[in-house]
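Residue-level structural notes
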Amino acid sequence: MEKDTSFLLTGIKFNKKRFAGDFARFKKRKQSNDDGSVDDLSYFKREDTEAENVVVSVNKKRKRKTKAERVEGFSVFKGSDSVPVVINEATEQEENNQKELNRQNERDLRLRKKYGIHVSGNNVPSPLQGFAELSTRYGCESYLLHNLVKLGFKEPTPIQRQAIPVLLSGRECFAKAPTGSGKTLAFVYPMLMKLKQPSKDGIRAVILCHTRELAAQTTRECKKMAKGNKFRIKLMTKELMRNTDFTKLPCDILVSTPRRLQLCICKKKKKKIDLSRVEYLVLDESDKLFERSLLEQTDSVVKACSNPSIIRSLFSATLPDFVEDVARTVMHDAVRVIVGDKNAASESIKQKLIFAGSEEGKLLALRQSFTESLNPPMLIFVQSIERAEELYGELKFDSIRVGVIHSNLSQEQRENVIDDFRAGKTWVLIATDVLGRGMDFKGVKCVINYDFPDCAASYIHRIGRSGRAGRIGEAITFYTEDDIPYLRNIANVMIASGCEVPSWLIDMPKKKWKKHYPRRESISTKPKDQEE
Ligand SMILES: Nc1ncnc2c1ncn2[C@@H]1O[C@H](COP(=O)(O)OP(=O)(O)OP(=O)(O)O)[C@@H](O)[C@H]1O
């Protein structure tokens, strides 16, 4: 990674667009300084006079009251000492404004408390009371409101209530909200509102997702929300990468993985992608994008988005301290929005831990749970590609419609597996962590962590594939002797999400959780001497 990335530098550039008022004042001072004209002096004089008048207005307040007459809302002063009239009016106005501001602040506090929204930052915009405010407060176009109705969304979710106004007011934002709580809409909707119309100015918005599957899903969601407008919303596919002259690509919003976009940034001069006009950049699953495996690629993209007025936002269901630190240092006047407890999973998921003893025990427990109550669609997570194939090999001969997905499959195979699962052709999908984040399979009722997750964040995201959009979900996590030292970390998440946890688990010593991928015996019911 380069040392002085623009991600670091753009954070401290002066945003002329956002601070247009200040910029104009500054420019005026500077101009007058340059030519030393009278304008220069009058600028300061005007300020001085105002200050003087404020003092006068305070001193003469009582006197003026008796001399004032009200004519259609204007105060008219008789006599020569009527100069401070405007100031007095202004003071009253200021007091009223302050009172209204206080009332608004109280309303905001109540609303935030009701929905578990925590914010920090300067002058955080009020949360939305309902979707109707998008129109009354922000002049949202009717096609967008119409799309909300078509999608059946009646009320904004807590993250939408707060993050949408933040982004609409042109502020950068880093946000954490539970899995399945509608973060996609929280960043896509304000983006569409701000972009207003398609334009020929090149790519104006970029959404980065950590996997192709999530990028494809986000593109689809984006198109659904933009229906009725002619925005060109493109998914960066292999084909697009290979065959496109990006200088001619009609595109308003681009959704991509960091890897693919980085390759297009590095292309030969003529055909390389230009991100210098990007006005909105979203890093979805931002903590994943900042992990070592993706950091360099993510950084290249952020750096290429060099527009000084860019609005960047980071979203995830987990927000580790290091991401907060990055956000605080590099983002400009950002607002932090946290919904719920910082280390909690979605509260609509019933979480269970099952001691399986050994690897063999896990397979028995899984088959047992299928015979007792198979509750499809269901996701089963394992820790490696190899183990995903092994488990698939075991289950495909059972009378269950089972599929498997991991990063060794071709893109087409991955797409087919996802389509089959969405269409109900497969009931149980075995997956590695490639599917652990962001994917929205509405009906998933149960997630099984066949292999213990490698960290608390991965646990929160995996089980968050169930219990989405307020639905009830169930998460079962198998553990063996190898996993016991890490149980306490899961217990912490369970407690934070309001689940009951046995007291012996709470009494366990805390262990710093490095990546936990123990070597496990292969998944097989074949007697050991028959294994190849
Ligand atoms: N206001 C709303 N009312 C009802 N459903 C909604 C609303 N907003 C979004 N949804 C639905 O909620 C589901 C989850 O949304 P989304 O995928 O954006 O969640 P997320 O917070 O990004 O989850 P994750 O952290 O797992 O990525 C989707 O099916 C979406 O259509």
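Residues numbered from 1 in each chain as written. Predicted model: local features only at pLDDT ≥ 70, side-chain atom pairs only at ≥ 80, totals over all residues. Heavy atoms only, no water.

An unreviewed UniProt entry annotates the protein as RNA helicase of Salix suchowensis. Its UniProt record, at the heading Sequence similarities (unreviewed entry), says of the protein: "Belongs to the DEAD box helicase family. DDX52/ROK1 subfamily." Regarding the protein, the relevant UniProt record gives this comment under Catalytic activity (unreviewed entry): "ATP + H2O = ADP + phosphate + H(+)". (UniProt positions renumbered as here; feature names shortened; annotations may be inferred.)

With that settled, the discussion passes to helix H14 (residues 292–304). Under the 1.5 Å per step criterion, the end-to-end length of H14 is 19 Å for 13 residues, consistent within 8% with the ideal 18 Å. Along H14, the positions that sit buried rather than exposed are Leu-294, Gln-297, Thr-298, Asp-299, Ser-300, Val-301, Val-302 and Ala-304. (Helix = DSSP H or I, 4+ residues; strand = E, 2+ residues; numbered from the N terminus. Expected span 1.5 Å × (residues − 1). Buried < 20%, exposed > 50% of the residue type's maximum accessible area, 1.4 Å probe, protein only.)

According to the stated counting rule, one finds four aromatic pairs in the structure shown. Seen in terms of ring centroids, Phe-187 and Phe-315 are 5.2 Å apart; in terms of plane orientation they differ by 55 degrees. Their pairing is tilted. Note that Phe-187 is positioned in helix H9 (residues 183–195) and Phe-315 in strand E9 (residues 311–316), a separation of 128 residues in sequence. Comparing Phe-187 with Phe-315, the two get one shared label, buried. Summarising the aromatic geometry, the rings of Tyr-450 and Phe-478 are spaced 5.9 Å apart at their centres and angled 70 degrees between planes, so their arrangement reads as edge-to-face. Taken as a pair, Tyr-450 in the loop between strand E15 (446–449) and helix H19 (456–463) and Phe-478 in strand E16 (residues 473–480) lie far apart in primary sequence, 28 residues in all. For the pair formed by Tyr-450 and Phe-478, the shared burial category is buried. One Lys or Arg, Arg-161, reaches over the ring of Tyr-115 and ends 4.0 Å from the middle of that ring. (Phe/Tyr/Trp six-rings, centres within 6.5 Å; stacked < 30°, edge-to-face > 60°. Lys NZ or Arg CZ within 6 Å of the ring centre and 35° of its normal.)

Closest axis-to-axis distance for the helix H7 (residues 142–151)/H9 pair is 10 Å, and the angle between their directions is 155 degrees. Judged by the inter-axis angle, H7 sits roughly antiparallel to H9. Between H7 and H9 lies a crossing whose hand is right-handed. Seen from H7, the contacting residues are Tyr-143, Leu-144, Leu-145 and Leu-148; seen from H9, they are Leu-185, Tyr-189, Leu-192 and Met-193. Within the contact of H7 with H9, the residues separate by chemical class into eight nonpolar, no polar and no charged. (Axes fitted to C-alpha atoms, helices over the stretch in contact; angles between N-to-C directions. Parallel < 35°, antiparallel > 145°, perpendicular 65-115°, else oblique. Left-handed = near helix turned anticlockwise from the far one by under 90°. Contact = heavy atoms within 4.5 Å. Nonpolar A, V, L, I, M, F, W, Y, C, P; charged D, E, K, R; others polar.)

Let us now look at the site of the ligand. Near the ligand you find 20 residues, and of these Gly-180, Lys-183, Thr-184, Asp-440 and Arg-465 are the closest. Here Glu-155 contributes a backbone N or O atom positioned 2.9 Å from a nitrogen atom of the ligand. Between the ligand and the protein, one listed contact pairs an oxygen atom with a side-chain N or O atom of Lys-442 at 3.5 Å. About the coverage of the ligand: the protein hides 89% of its 650 Å² of free accessible area. Residue classes in the shell around the ligand are distributed as five nonpolar, eight polar and seven charged. (Near = heavy atom within 4 Å. Polar contact = N/O pair within 3.5 Å; in protein donor to acceptor, adjacent residues only side chain to side chain. Areas by Shrake-Rupley, 256 points an atom, 1.4 Å probe, with all protein chains shown as cover.)

Our focus in this paragraph is the UniProt feature "domain: DEAD-box RNA helicase Q" (unreviewed entry) in the protein. In the numbering used here, UniProt assigns the "domain: DEAD-box RNA helicase Q" (unreviewed entry) feature to residues 133–161. Secondary structure over residues 133–161 splits into 62% helix and 0% strand, and the C-alpha atoms at its two ends are 10 Å apart.

This part is about the sheet that holds strand E8 (residues 280–284). With mixed pairing, eight strands are arranged side by side in an open sheet as E3-E10-E4-E9-E8-E5-E7-E6. Whereas interior strands pair on both sides, the edge strands pair on one side only; in this sheet they are strand E3 (117–120) and strand E6 (233–235). Along the sheet, successive strands turn relative to each other by an average axial angle of 15 degrees, direction set aside. Of the strand pairs in this sheet, strand E4 (residues 173–176) and strand E10 (residues 335–339) are connected by four bridges, and their pairing is parallel. Residue pairing for E10: Phe-174 is matched across the bridge by Arg-336. (Pairing = 2+ DSSP bridges.)

Here we take up the pairing of E10. Burial within E10 is extensive, with five of its five residues counted as buried. The two faces of E10 match: Val-335, Val-337 and Val-339 on one face and Arg-336 and Ile-338 on the other face are all buried.

Within helix H20 (residues 487–496), seven of the ten residues are buried, which leaves the element mostly enclosed by the surrounding structure. Those residues of H20 that sit buried are Leu-487, Arg-488, Asn-489, Ile-490, Ala-491, Val-493 and Met-494. Elements in contact with the buried residues of H20: strand E11 (349–357), H19, E16 and helix H21 (503–506). Within two residues after H20, Gly-498 carries a phi angle of roughly 85 degrees, on the positive side.

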